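Structure assessment
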Amino acid sequence: MVRNLAELQWTLSTLLPDEKAIVAVTPMNTGFSNDTYLIEGPDLILRLPPAAGAMLDGHDVIGQARIYAALGSTPGAPPVPRIVHVEESADLLGAPFFIMGRVPGESVNDIEMQPWFTQAPDAVRRAMCRDWVSAFAGLARLAPLDVLGAPVSPEDDVRMWQRFAAAAQCPQLADMIERLLKTPAPISGPPAVIQGDSKLSNLMWDDFRMSAMLDWEMSLNGEPMADLGYMLYLFESEFHGATRAPKLPGMMKRAEVIALWEDVSGRSAAGIVWHEIAQIAKITAIIAEGTNMFNTGRSTDPKLAYFKQNLDYYLGVVAAMLAGSGH
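The notes below deal with the structure included here. The model shown is predicted, which means the values in this text are computed figures rather than measured ones.

Helices and strands together make up the secondary structure of the protein chain, namely 10 helices and nine strands. Compactness check: the protein chain gives a C-alpha radius of gyration of 20 Å against a globular reference of 20 Å for 327 residues, within 12% of the reference. For the protein chain, the C-alpha atoms occupy an extent of roughly 60 × 45 × 40 Å along the three principal directions. With 327 residues in all, the protein chain has 51% of them scored as buried. The long-range fraction of contacts in the protein chain, counting pairs at least 24 apart against all pairs at least 6 apart in sequence, stands at 68%. As displayed, the protein chain has an accessible area near 14,700 Å², and 53% of this comes from carbon and sulfur atoms. Across the protein chain, the 25 positively charged side chains and the 38 negatively charged ones have centroids separated by 4 Å.

Quick look at helix α5 (residues 154–167) now. With 14 residues, α5 extends 20 Å from end C-alpha to end C-alpha; this agrees with the ideal 20 Å at 1.5 Å per step. Along α5, the residues classified as buried are Pro154, Glu155, Asp157, Val158, Trp161, Gln162, Phe164 and Ala165. Check the buried side of α5 and you find it contacts α6 (171–180), β9 (220–222) and α9 (272–295). Of the residues one or two after α5, Gln169 is the one with positive phi, at around 60 degrees.

Within the largest apolar cluster, 87 residues are counted, with the highest numbers of intra-cluster contacts made by Phe117, Trp132, Leu173, Trp216, Leu228 and Trp261. Looking at this core element by element, the count peaks at 12 residues for α9. When near neighbours in sequence (up to four residues on either side) are disregarded, Trp216 contacts His59, Ile67, Tyr68, Leu71, Pro78, Val80, Leu139, Val193 and Gln195. One finds Ile22, Tyr37, Leu44 and Ala95 within the second-largest nonpolar core, a separate group that totals 14 residues.

Our next topic: the pairing of strand β2 (residues 35–40). Burial runs high along β2: five of the six residues are buried. The antiparallel pairing of β2 with strand β3 (residues 44–48) creates a hairpin that spans three residues between the two strands, and Gly41 there sits at a positive phi of about 115 degrees.

In this structure the tally under the stated criterion is seven aromatic pairs. A centroid spacing of 5.7 Å and a plane angle of 85 degrees characterise the contact between Tyr313 and Tyr314, whose relative ring orientation is edge-to-face. Residue class for Tyr313 comes out partly exposed when judged on its relative accessible area of 42%. The structure contains a cluster of three or more aromatic residues connected by ring pairs, namely Trp116, Phe117 and Phe208.

With that settled, consider empty space enclosed by the protein. Counted under the stated rule, the structure contains one cavity of 30 Å³ or more. Of the volumes computed, that of the largest cavity is approximately 80 Å³. The wall of the largest cavity is formed by Val152, Pro154, Asp157, Ile194, Leu220, Glu223, Ala226, Trp274, His275, Ala278 and Gln279. For the lining of the largest cavity, the secondary-structure elements that each account for two or more residues are α5 and α9. The element contributing the most residues to the lining of the largest cavity is α9, with four residues. Of the residues belonging to the lining of the largest cavity, the class tally is seven nonpolar, two polar and two charged.

Right, let's talk about helix α2 (residues 61–72) for a bit. Over its 12 residues, α2 runs 16 Å from end to end, which matches the ideal 16 Å to within 8%, given 1.5 Å per residue. For α2, the full list of buried residues reads Val61, Ile62, Gly63, Gln64, Ala65, Ile67, Tyr68, Ala70 and Leu71. Packing partners of the buried residues in α2 comprise β3, β4 (83–87), β5 (97–101) and β8 (209–213).

Examined against the element boundaries, Pro75 turns out to sit in the loop between α2 and β4. Taking C-alpha positions, Pro75 is 34 Å from Ile111, a pair spaced 36 residues apart along the chain.

This structure, assessed with the given rule, holds 11 salt bridges. One salt bridge connects Glu276 with Arg254, and the closest N-O pair in it is separated by 2.5 Å. Placement of Glu276 in helix α9 and of Arg254 in helix α8 (residues 254–265) is noted, with a sequence separation of 22 residues between them. Using a relative accessible area of 21% as the deciding quantity, one classes Arg254 as partly exposed.

Here α5 crosses α9 at 25 degrees, and the two axes come no closer than 9 Å. The angle between the axes of α5 and α9 places the two elements in the roughly parallel class. The handedness of the crossing between α5 and α9 is left-handed. Touching Pro154, Glu155, Asp157, Val158, Trp161, Phe164, Ala165 and Ala167 of α5 are Trp274, His275, Ala278, Gln279, Lys282, Ala285, Ile286, Glu289 and Asn292, all from α9. When grouped by side-chain class, the residues that make up the contact of α5 with α9 number 10 nonpolar, three polar and four charged.

Definitions and limits used
- Residues numbered from 1 in each chain as written.
- Predicted model: local features only at pLDDT ≥ 70, side-chain atom pairs only at ≥ 80, totals over all residues.
- Heavy atoms only, no water.
- Helix = DSSP H or I, 4+ residues; strand = E, 2+ residues; numbered from the N terminus.
- Rg over C-alpha atoms; globule rule 2.2 N^0.38 Å.
- Buried < 20%, exposed > 50% of the residue type's maximum accessible area, 1.4 Å probe, protein only.
- Contact = heavy atoms within 4.5 Å.
- Areas by Shrake-Rupley, 256 points an atom, 1.4 Å probe, with all protein chains shown as cover.
- Lys, Arg positive; Asp, Glu negative; His and termini not counted.
- Charge placed at Lys NZ, Arg CZ, Asp CG, Glu CD.
- Expected span 1.5 Å × (residues − 1).
- Core = buried A, V, L, I, M, F, W, Y, C linked by side-chain atoms within 4.5 Å.
- Pairing = 2+ DSSP bridges.
- Phe/Tyr/Trp six-rings, centres within 6.5 Å; stacked < 30°, edge-to-face > 60°.
- 1 Å grid on protein atoms, 1.4 Å probe; cavity = no way out; pocket = protein on both sides within 12 Å on 5 of 7 lines; lining within 4 Å.
- Points joined across faces, edges and corners; volume = space filled by probe spheres on them.
- Nonpolar A, V, L, I, M, F, W, Y, C, P; charged D, E, K, R; others polar.
- Salt bridge = Lys/Arg side-chain N within 4 Å of Asp/Glu carboxyl O.
- Axes fitted to C-alpha atoms, helices over the stretch in contact; angles between N-to-C directions.
- Parallel < 35°, antiparallel > 145°, perpendicular 65-115°, else oblique.
- Left-handed = near helix turned anticlockwise from the far one by under 90°.

Right under this line is the structure:
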């Protein structure tokens, strides 16, 4: 479904009479978790459920707005956009939505990294990498947020992704997760806030300094090594290569990432391999669902064809890490 931008502009103009006049409403991205639009004029951001339907059962748009609001009033939390309006009814735009302030800067694109990042001095990229790791490590010092519900154990979290993999017609992954679950998850301390998708592209940068942490759809209260495990998959190990950004000169190496996370979080990362396997399994379950959507014709999105091409690689990484770590 393609949303009518002129109708969006008219409706939002009546909803936000005290804001600066709206010049246009422009799509920024449409995806599997949210559709995002720039409200030009007042310089705001509109977020709606994806018109094509959600791939994941994470926090819905109203839940995300509440998370942003809670973080915005929590001392020590990372910077997040301010919430301007939350609309729980579907009457106005055909779905619930929220409007937030636009944060200065931009994120580093996962696929086509911008010249301001790739051509920056090595020392600048290294400082950005330290800020990236430190931002997610700092979450380990936050007490659980009521808005995120009761703490979830690492085992219960990975069991949810095991069910997701089974529903995505990927029994191979479900079996590998069962192997991981035969060993209890290492725990670094009391539950804290987990963002759940701790990649570089979920941070906004303004003049090379972090201006906001975005995309809390998979956040929960739980074991903070989950965010570290997710990050570590992006850095080279004996079982997998590095993704695009960590390959660039100046970026930190895996051991440095772990040491910095421990220093900032005040926790030990002992047993991190369990959590890295769990997080790669989560990523693989999402890829399996995208592949299943494509194979069954539920979606013709070209991004899902890319998922399909990479599923075997991700399954191989999980299998290699399980074998290499003795699970």
